[in-house]
Amino acid sequence: MNFGMTGPTNLNEIDVLTLLPQRRPFVMIDHLTHCDQVLTTTTLEVREDNLFVEGDHLNPCALVENIAQTCAARMGYINKYVYQGEVKLGFIGGIKNFCLQRPAVLGETLTTTIEVIEEVMQMILVNAYVRVGDETIATAEMKIAQTDIEVGKSDE
């Protein structure tokens, strides 16, 4: 991370709940593993208790939410550690070209990477890639709008 700030050197030590407006059972990322000005990466282990599990796989809606929460983790990290402020609420502004190669199944670990294509004011356009190992299982383009609404602290 090179935003000219001091923050945790090991991103895995950050509790993702401190970066996200979402709360359990709707949290769709486990760890923030990389964050810089262009790329952000998160991981999620597909577990039986996941809200979106249907049988032995995730509903594709879960991958869209996983991508959105990867964007939220990036914005939360920037707001908290770069600007030394509070996490702010964001909204999906649009999804284009969502392509599902195959569903994620129980026991797999998803690695989701977003690449910032454009950032203007409080709108961010990203390309997203969801992978299991070296296999890309989903891609999409997503627009995220960040608000000025600060998210309250959680007891979790």
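Because the structure is a prediction, the values reported are computed rather than measured.

Visitor: How should I be thinking about the packing of aromatic side chains in this particular structure?
Guide: How two aromatic rings sit relative to each other is given by the distance of their centres and the angle of their planes. If you walk through the whole model with that rule in mind, you get 2 aromatic pairs. Aromatic side chains Phe26 and Phe52 sit 5.7 Å apart centroid to centroid with 50° between the ring planes, which places their arrangement in the tilted category. A residue pair is termed long-range when its members are at least 10 positions apart, and Phe26 in the segment before strand S1 (31–35) and Phe52 in the loop between strand S2 (39–45) and strand S3 (53–54) qualify at 26 residues. With centroids separated by 5.0 Å and ring planes inclined at 40°, the aromatic side chains of Tyr77 and Tyr81 adopt a geometry described as tilted. Taken together, the residues Tyr77 and Tyr81, both in helix H1 (residues 60–82) and 4 residues apart, mark about one turn of the helix. Residue class for Tyr81 comes out buried when judged on its relative accessible area of 14%.

Visitor: For this particular structure, what's the right way to read H1?
Guide: The terminal C-alpha atoms of H1 lie 33 Å apart, and with 23 residues this matches the ideal 33 Å at 1.5 Å per residue to within 8%. The opening residue of H1 is Asn59, an N-cap whose side-chain oxygen sits 2.8 Å from the backbone nitrogen of Cys61. Looking one or two residues beyond H1, the residue adopting positive phi is Gln84, at roughly 55°.

Visitor: Sorry, what's going on with the sheet that holds strand S6 (residues 109–120) here?
Guide: Strands in a sheet are paired, the pairing made by backbone hydrogen bonds, and the direction either parallel or antiparallel. In spatial order, the strands read S1-S2-S6-S7-S8-S5; together these 6 strands make up an open sheet with antiparallel pairing. At either end of the open sheet lies a strand with only one pairing partner, and these are S1 and strand S5 (88–100). Direction aside, the axes of adjacent strands within the sheet are offset by 25° on average. When strand S7 (residues 123–132) meets strand S8 (residues 135–150), the two strands line up antiparallel, connected through 10 bridges. What sits directly across from Ile124, in S8, is Ile144. Here H1 sits on the sheet in contact with S1, S2, S5, S6, S7 and S8, set at roughly 50° to S8.

Visitor: Quick question: what am I supposed to make of the nonpolar core here?
Guide: Nonpolar side chains in soluble globular proteins tend to end up buried together. In terms of nonpolar packing, the biggest core is built from 27 residues, with Leu58 and Leu110 touching the most fellow members. Counting residues per element, this core draws most heavily on H1, which supplies 7 residues. Those residues in contact with Leu58, other than ones at most four positions away along the chain, are Val46, Asn50, Phe52, Val53, Leu63, Pro103, Ala104 and Leu110. In terms of nonpolar packing, the next biggest core, distinct from the first, is built from 14 residues, Leu20, Ile29, Cys35 and Ala72 among them.

Visitor: Explain the pattern of salt bridges to me, please; I cannot follow it from the model alone.
Guide: Here the idea is simple: oppositely charged side chains can pair when their charged atoms come close. This model, assessed by the stated rule, comprises 6 salt bridges. Note that Arg47 is salt-bridged to Glu45, the shortest N-O span being 3.8 Å. Residue classification places Glu45 among the partly exposed residues on the basis of a relative accessible area of 36%. Its salt-bridge partner being Glu135, residue Arg102 comes within 3.0 Å of it at the nearest N-O pair.

Calculation criteria
Residues numbered from 1 in each chain as written. Predicted model: local features only at pLDDT ≥ 70, side-chain atom pairs only at ≥ 80, totals over all residues. Heavy atoms only, no water. Phe/Tyr/Trp six-rings, centres within 6.5 Å; stacked < 30°, edge-to-face > 60°. Helix = DSSP H or I, 4+ residues; strand = E, 2+ residues; numbered from the N terminus. Buried < 20%, exposed > 50% of the residue type's maximum accessible area, 1.4 Å probe, protein only. Expected span 1.5 Å × (residues − 1). Polar contact = N/O pair within 3.5 Å; in protein donor to acceptor, adjacent residues only side chain to side chain. Pairing = 2+ DSSP bridges. Axes fitted to C-alpha atoms, helices over the stretch in contact; angles between N-to-C directions. Contact = heavy atoms within 4.5 Å. Core = buried A, V, L, I, M, F, W, Y, C linked by side-chain atoms within 4.5 Å. Salt bridge = Lys/Arg side-chain N within 4 Å of Asp/Glu carboxyl O.

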